[in-house]
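# Architecture and fold: a report
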Amino acid sequence: MEKFIINSALDMHLHLRDEDMLKLVAPLTSKSFSGALIMPNLLPPITTKEALLSYKQRIKEATKEDDFTPYVTIFFQVDYSYSFLEDIKDEIIAVKLYPFGVTTNSETGVSSMDVEILRPTLESMSKLGIPLCVHGETKGFVMDREKEFLPIYESLAINFPNLKIIMEHISTKEAITLLDKYDNLYATVTIHHLLLTLDDVAGGMLNPHNFCKPIVKRYEDRDALQEVVLQAHPKIMFGSDSAPHQKNNKECHHGAAGVFNSPIALQLLTELFERNGKLDNLNTFVSLNAQKIYNLKPTTKPITLIKKDFIVPDVYSYKKEQVVPMFAGKTLLWSIE
C-alpha cells in the first residue's frame, strides 16, 4: 500500500473556540499536528496576560492525550505598552490584528488602519521581534475585500521594515504578487482556498459549510495559489483557518462564516500534492517553512498517510456541540494510518 510520511505538521492559523467546542475540535488537530497557531478572537477576545495563560491551559487540557504545542496569540490593541508586550513576549507567538467587523468576533477590532494610530503597538512589536498576523480585508464588495486591503499591507511593510508581517489566508493572485515585493511579508494559505471557488459556495445549491471569510474566489485565484504552494514557496506556510461553528449556526438564514477542515486537512493536502507530482514539497509547505519563518523547533511527530479511501463523517459531535466538516460524506483518496 502506498504511504507518505508528514513529519511535525504545523497549522499556522487555527480556531479552537472554547468550552465544549474546544473539547470537541482541539483533539481533531492535536492527533495529527505537532503544533498550531491559535487565534484569539474569543468572546471576549484575549487581550490580557491572565486570559492568555488561562486559555493556553484549557487548550493543553483538551489536547493532553497528544504531543501537541499550542502557539497562542493575543488580540491586537492600539494601546499595548512596550512593557506589557515585553512581559508576555515569551508566552505568545504573534499578535493578531482584526479590522473592525470583518469576520467572526471582530467587533472589538481596529476601527482605523491609519499607520500613525497603529504605530505605538507596532513599533514595540518590531523592537521586541513579535510577528504581526493580519486578517487582511476591508468592508468593501465581498470579492474585492482582500485586494482592497493590499495597499495597507504595503504601507505596513514599508513603515515597519523590521516587523515580520503575515498575510493570513491569502485568497487572490494579487496577494501572491505583493508577497514577493517586500522581505518582511509572509503568508498562510488554507486548504479550502486551494481547492474551492465561489461556485462551490453558491454555484448550485447553496453550501453554507463552504462559506468563509475571506470568501473563496475565482478559478484563476485558486490556480495561482496552487501553483505557488505546490512549488513550496519559502514565504508561504499552511494555515487551515479551520473555524468551527455549531451546525445550526451554519444552516440558517444568517449562516456564520467559517470552514471546518481540521480532520481532513492532511489527507486533502496529500491528495493535492500527489495529483500534481509534488509530494516531495509537502513537508516544506506544511512544516519546514513555518519552522523557518517563526523560528520554531517542534517535536518530532511523524504522521503516516496511506492510499486508502476515507469517508468524511457527516458531523463531529460532543455533548450539544455539532460541527459539519468540509466535504462531509465525501470519499477522500488518502487516510491517516
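Residues numbered from 1 in each chain as written. Predicted model: local features only at pLDDT ≥ 70, side-chain atom pairs only at ≥ 80, totals over all residues. Heavy atoms only, no water.

Put simply, the test is: UniProt positions are given in the numbering used here, feature names are shortened, and annotations may be inferred rather than shown by experiment.
An unreviewed UniProt entry lists the protein chain under the name Dihydroorotase, with Arcobacter cloacae given as the organism. The record in UniProt for the protein chain states the following under Function (unreviewed entry): "Catalyzes the reversible cyclization of carbamoyl aspartate to dihydroorotate." Under the UniProt heading Pathway (unreviewed entry), the note attached to the protein chain is "Pyrimidine metabolism; UMP biosynthesis via de novo pathway; (S)-dihydroorotate from bicarbonate: step 3/3."

### As for the environment of Asp-241
Rules: Numbered from the N terminus, helices here are DSSP runs of H or I no shorter than four residues, and strands are runs of E no shorter than two. Each residue is assigned to one of three classes by its accessible area relative to the maximum for its type, calculated with a 1.4 Å probe on protein chains only: buried under 20%, partly exposed between the two thresholds, exposed over 50%. Note on contacts: a residue pair qualifies if any of its non-hydrogen atoms lie within 4.5 Å across the two residues. Counting of polar contacts relies on pairs of N or O atoms within 3.5 Å, with two restrictions inside protein: one atom must be capable of donating a hydrogen and the other of accepting it, and residues adjacent in sequence are counted only when both atoms are side-chain atoms.
By secondary structure assignment, the location of Asp-241 is in the loop between strand 9 (236-238) and helix 10 (247-250). The exposure class assigned to Asp-241 is buried, which follows from its relative accessible area of 5%. Spatially, the C-alpha atoms of Asp-241 and Ile-152 are 21 Å apart, while their sequence positions differ by 89 residues. Those residues in contact with Asp-241 that sit more than four places away from it in its chain are Asp-11, His-13, His-15, His-169, Thr-190, His-192, Lys-213 and Val-259. Side-chain polar atoms of Asp-241 contact the side chain of His-15, separated by 3.0 Å.

### Overview of the packing of helix 4 (residues 115-128) against helix 5 (residues 145-159)
Threshold: Angles run from 0 to 180 degrees between N-to-C directions of axes, and those axes are lines fitted to C-alpha atoms, restricted for helices to the stretch in contact. The scheme is simple: roughly parallel for angles under 35 degrees, roughly antiparallel for over 145, roughly perpendicular for 65 to 115, oblique for anything else. Take the far helix as your reference; a near helix turned counterclockwise from it by less than a right angle gives a left-handed crossing, and one turned clockwise gives a right-handed crossing. Residue classes follow a fixed rule: Ala, Val, Leu, Ile, Met, Phe, Trp, Tyr, Cys and Pro count as nonpolar, while Asp, Glu, Lys and Arg count as charged, and any other residue, Gly among them, counts as polar.
Contact geometry of helix 4 with helix 5 gives a least axis separation of 12 Å together with a crossing angle of 50°. Judged by the inter-axis angle, helix 4 sits oblique to helix 5. Of the two elements, helix 4 crosses helix 5, and the hand of that crossing is right-handed. Contacts between helix 4 and helix 5 pair Val-115, Leu-118, Arg-119 and Leu-122 from the former with Ser-155, Leu-156 and Asn-159 from the latter. Looking at the contact of helix 4 with helix 5, its residues break down into four nonpolar, two polar and one charged.

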